[in-house]
Amino acid sequence: MYQFGMNVLFPPVLLALTPILLLKGKRRTTLLPRLGFQRFPGTTPSQGGPAQRREKVLWAHALSVGEVLSAVPLIRELHSQIQPARLYLSVSTESGYETARDKLEGSVDGLFYFPLDLLFPVRRCFLNLEPSMVVLVETDIWPGFMAELRRQSIPSFLINARLSPSSFKRYGQAKRLFSPALNTFSRVYPQSASDAESFKKLGVNPERLAEPGNLKFDA
């Protein structure tokens, strides 16, 4: 039902709202890239498809400015440790993109926009990036995206994971949808003991939960 709603019912609404969205500067910058119309890291300029690569790819995602800043030390360390694998970072907002570009120059091999949770942009991302592993920072969990991870059996990790009261309530109201999405992660690293307890209440297997720790404190 979720996939039907997002991929059949939502696109006409989005199309109708497009003129309004394009009038807003931030939406104008991010809308088309998040619909899949962007140049992905590691793709060939002429054909737009995946380049012939031997290196594995780690795809990290940070929603916006706060998530990018909390992940800076980790991403810098990962980039130095996983060579010759490639590290690509996605963000969802224009401000997040600018922050990542400023703070992580030389520490990521490519920067792009995270897809909207529609079949075409999500699968286009996976087709072009061919990730061997995916790491999400803090939040921004989408059922369709998680379903694609399961379909392709790609290991994934949720780090510095947090649940605000509003997110916990929203996920709890759609527990049958979000419990499988959250259990897609090979490992969840919660920020605090209360976050860990919230994930348990949402149906996350306790064996998937690591000891609590906050990257922002580490930074």
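So, a few notes on the structure that sits alongside this text. These numbers were taken from a predicted model, which means no experiment stands behind them. (Residues numbered from 1 in each chain as written. Predicted model: local features only at pLDDT ≥ 70, side-chain atom pairs only at ≥ 80, totals over all residues. Heavy atoms only, no water.)

1. Quick look at helix α4 (residues 94–103)
At step 1: Restricting attention to buried positions, one finds in α4 the residues G96, T99 and A100. For α4, the arc enclosing every buried residue in end-on projection is 100 degrees, short of the 170-degree limit, so these residues lie on one face. (Buried < 20%, exposed > 50% of the residue type's maximum accessible area, 1.4 Å probe, protein only. Helix = DSSP H or I, 4+ residues; strand = E, 2+ residues; numbered from the N terminus. Arc of directions from axis to C-beta.)

2. Considering the pairing of strand β4 (residues 133–137)
The side chains of a regular strand alternate, residue by residue, between the two faces of the sheet.
At step 1: Among the five residues that make up β4, four are buried, leaving the element largely enclosed by the rest of the structure.
At step 2: In this structure, β4 lies alongside strand β5 (residues 156–161), joined through four bridges in parallel fashion. Following the sheet pairing, L136 is matched in β5 by L158.
At step 3: Crossover handedness for the path β4 to helix α6 (residues 143–152) to β5: right-handed. (Pairing = 2+ DSSP bridges. Right-handed = clockwise from strand over helix to strand, strands pointing away.)

3. Things to note about the pattern of salt bridges
At step 1: Applying the stated criterion across every chain yields a total of six salt bridges.
At step 2: Its salt-bridge partner being E148, residue R123 comes within 3.0 Å of it at the nearest N-O pair. Taken together, the residues span a long stretch of sequence, with R123 in helix α5 (residues 119–129) and E148 in helix α6 at a distance of 25 residues.
At step 3: According to the relative accessible area criterion, E148 is buried, its value standing at 3%.
At step 4: R162 is the partner of E138 in a salt bridge, and the nearest nitrogen-oxygen pair spans 2.7 Å. Separated by 24 residues along the polypeptide, E138 in the loop between β4 and α6 and R162 in the loop between β5 and α7 (165–173) bring together distant segments of the chain.
At step 5: E138 gets classed as buried once you look at its relative accessible area, which sits at 1%.
At step 6: Look at R162 and you get partly exposed, because its relative accessible area is 30%.
At step 7: In this structure, a network of salt bridges that share partners links the residues E67, E138, R162 and K216. (Salt bridge = Lys/Arg side-chain N within 4 Å of Asp/Glu carboxyl O.)

4. Some remarks on the pairing of β5
At step 1: Of all six residues in β5, five are buried, a share of seventy percent or more.
At step 2: As paired strands, β5 and strand β6 (residues 187–190) are joined by three bridges and run parallel to one another. Directly across from L158, in β6, lies its bridge partner V188.

5. Here we look at the nonpolar core
At step 1: W59, I141, F145, L158, F185 and F199 are the most contacted members of the largest nonpolar core, which totals 30 residues.
At step 2: Secondary-structure elements contributing two or more residues to this core are β1 (57–62), α5, β4, α6, β5 and α8 (175–182).
At step 3: Of all the elements, α5 adds the most residues to this core, at four residues.
At step 4: Excluding residues that lie within four positions of it along the chain, F185 makes contacts with L136, I141, M146, S156, F157, L158 and R208.
At step 5: The next biggest cluster of nonpolar side chains, apart from the first, holds 19 residues, and it includes L58, A71, V72 and L89. (Core = buried A, V, L, I, M, F, W, Y, C linked by side-chain atoms within 4.5 Å. Contact = heavy atoms within 4.5 Å.)

6. Overview of the packing of helix α3 (residues 65–81) against α4
At step 1: Closest axis-to-axis distance for the α3/α4 pair is 9 Å, and the angle between their directions is 25 degrees. As the angle between them shows, α3 and α4 are arranged roughly parallel. When the axes of α3 and α4 are compared, the crossing they make is right-handed. Between α3 and α4, the residues in contact are V65, V68, L69, V72 and R76 and S95, G96, T99, A100 and K103, respectively.
At step 2: Residues of the contact of α3 with α4, tallied by class, amount to five nonpolar, three polar and two charged. (Axes fitted to C-alpha atoms, helices over the stretch in contact; angles between N-to-C directions. Parallel < 35°, antiparallel > 145°, perpendicular 65-115°, else oblique. Left-handed = near helix turned anticlockwise from the far one by under 90°. Nonpolar A, V, L, I, M, F, W, Y, C, P; charged D, E, K, R; others polar.)

7. Focus: the packing of α6 against α8
At step 1: At a minimum axis separation of 9 Å, α6 and α8 run at an interaxial angle of 40 degrees. By the angle between their axes, α6 is oblique relative to α8. The handedness of the crossing between α6 and α8 is left-handed. Seen from α6, the contacting residues are P143, M146 and R150; seen from α8, they are L177, F178, P180 and A181.
At step 2: Considered class by class, the residues forming the contact of α6 with α8 number six nonpolar, no polar and one charged.

Worth remembering: the numbers are spatial, not functional.
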